[in-house]
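Listed here are the chains, written in short residue letters.
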Amino acid sequence: MNFYLRYFEKEILVTNVDDAIAFLADIDEIGMNPMLENDIRDYCASDVFYPKRYKIRPRVYFIIIKTEAATMLDFKEKRALHTPVESREKMQAPAIVRLNEEMPGWYEGSLDFKRVQQVPGTGKFQYRDTHFVAQCKAISGIDCYNRIIDHLRGRVDERSQFPSAKGKNFKFRYLGQCK
């Protein structure tokens, strides 16, 4: 893992934390101290891959970026972009593809929706966030979603708002074949 550091026009690509700290210590405005050094070492040793920004004074920062690039040219031309394993898996199987993938069996679907309920004291209605989980027999993720929505539509107020099957408020997992 290499580290790209930039402070205004000064930039460098280093292969270890000690070189990064030496680069920053040479810049008087940064004011390297033991606390900052420890924080930089912790960031470089962590599994976090987003860039880290350090404030020097109001609206003045230096930045550290973790990269797989071997040279500054590779970094500038974005040849060695790092994508964590989880994001690679999501790219290979988007939710829409998994939603329509047919595998008959049992599914567990969870849904977060806005349920209309009457407030007992006032008689007025309000939306309440509601979490609903169900296990059902289905042939795909979208079939699981449709079965859950059909079940809820007959049991809650018709003004309740249900999320899209493609959104973040619906999740499902395949439990296995029917026995």
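Below, the structure is looked at part by part. (Residues numbered from 1 in each chain as written. Predicted model: local features only at pLDDT ≥ 70, side-chain atom pairs only at ≥ 80, totals over all residues. Heavy atoms only, no water.)

1. Observations regarding the pattern of salt bridges
Part 1 of the reasoning: On inspection of all chains with the given rule, the structure shows eight salt bridges.
Part 2 of the reasoning: Residue K52 is joined to D39 by a salt bridge in which the shortest nitrogen-to-oxygen separation is 4.0 Å. With K52 in strand β3 (residues 52-57) and D39 in helix α2 (residues 34-45), this pair connects stretches of sequence that are 13 residues apart.
Part 3 of the reasoning: With a shortest N-O distance of 2.7 Å, D129 and K114 are connected by a salt bridge. You can see D129 sitting in strand β6 (residues 125-138) and its partner K114 sitting in strand β5 (residues 105-118), a full 15 residues away along the chain.
Part 4 of the reasoning: Judged by relative accessible area, which is 64%, D129 ranks as exposed. (Salt bridge = Lys/Arg side-chain N within 4 Å of Asp/Glu carboxyl O. Helix = DSSP H or I, 4+ residues; strand = E, 2+ residues; numbered from the N terminus. Buried < 20%, exposed > 50% of the residue type's maximum accessible area, 1.4 Å probe, protein only.)

2. What about the packing of aromatic side chains?
Part 1 of the reasoning: Tallying each qualifying case throughout the model produces eight aromatic pairs.
Part 2 of the reasoning: Ring geometry for Y107 against F172: centres 6.1 Å apart, planes inclined by 50°, an arrangement best described as tilted. Within this pair, whereas Y107 is found in strand β5, its partner F172 is found in strand β7 (residues 170-176), the two being separated by 65 residues in sequence. Residue Y107 shares its accessibility class with F172, and that shared class is buried.
Part 3 of the reasoning: Joined through ring pairs, the aromatic side chains of Y107, Y145, F170, F172 and Y174 make up one cluster.
Part 4 of the reasoning: Lying over the aromatic face of Y43, K66 brings its terminal NZ or CZ to 4.9 Å of the ring centre.
Part 5 of the reasoning: Note that R159 overlies the ring of F125, its terminal NZ or CZ placed 4.4 Å from the centroid. (Phe/Tyr/Trp six-rings, centres within 6.5 Å; stacked < 30°, edge-to-face > 60°. Lys NZ or Arg CZ within 6 Å of the ring centre and 35° of its normal.)

3. Overview of the sheet that holds β3
Part 1 of the reasoning: A sheet is described by the order of its strands in space; here four strands give the open sequence β2-β1-β4-β3, paired in antiparallel fashion. Looking at strand neighbours, the two that pair on one side only are β2 (10-14) and β3, the edges of this open sheet. Across this sheet, the average inter-strand angle for adjacent strands is 15°, counted without regard to direction.
Part 2 of the reasoning: Both strand β1 (residues 2-7) and β2 contribute to a ladder of five bridges, which runs antiparallel. For R6, the partnering residue across the bridge sits in β2 and is E11.
Part 3 of the reasoning: Its contacts with the sheet put helix α1 (residues 17-25) on β1, β2 and β4 (60-67), and the angle it makes with β2 is roughly 165°. (Pairing = 2+ DSSP bridges. Axes fitted to C-alpha atoms, helices over the stretch in contact; angles between N-to-C directions. Contact = heavy atoms within 4.5 Å.)

4. Structural notes on the sheet that holds β5
Part 1 of the reasoning: Across the sheet, which stays open at both edges, the three strands sit in the order β6-β5-β7 with antiparallel pairing between neighbours. Sheet topology places β6 and β7 at the edges, where each strand pairs with a single neighbour. Pairs of neighbouring strands in the sheet enclose a mean axial angle of 20°, with direction left out of account.
Part 2 of the reasoning: Inspection of the sheet shows β5 paired to β7 by six bridges, in the antiparallel sense. Note that in β7 the partner of S110 across the bridge is K171.

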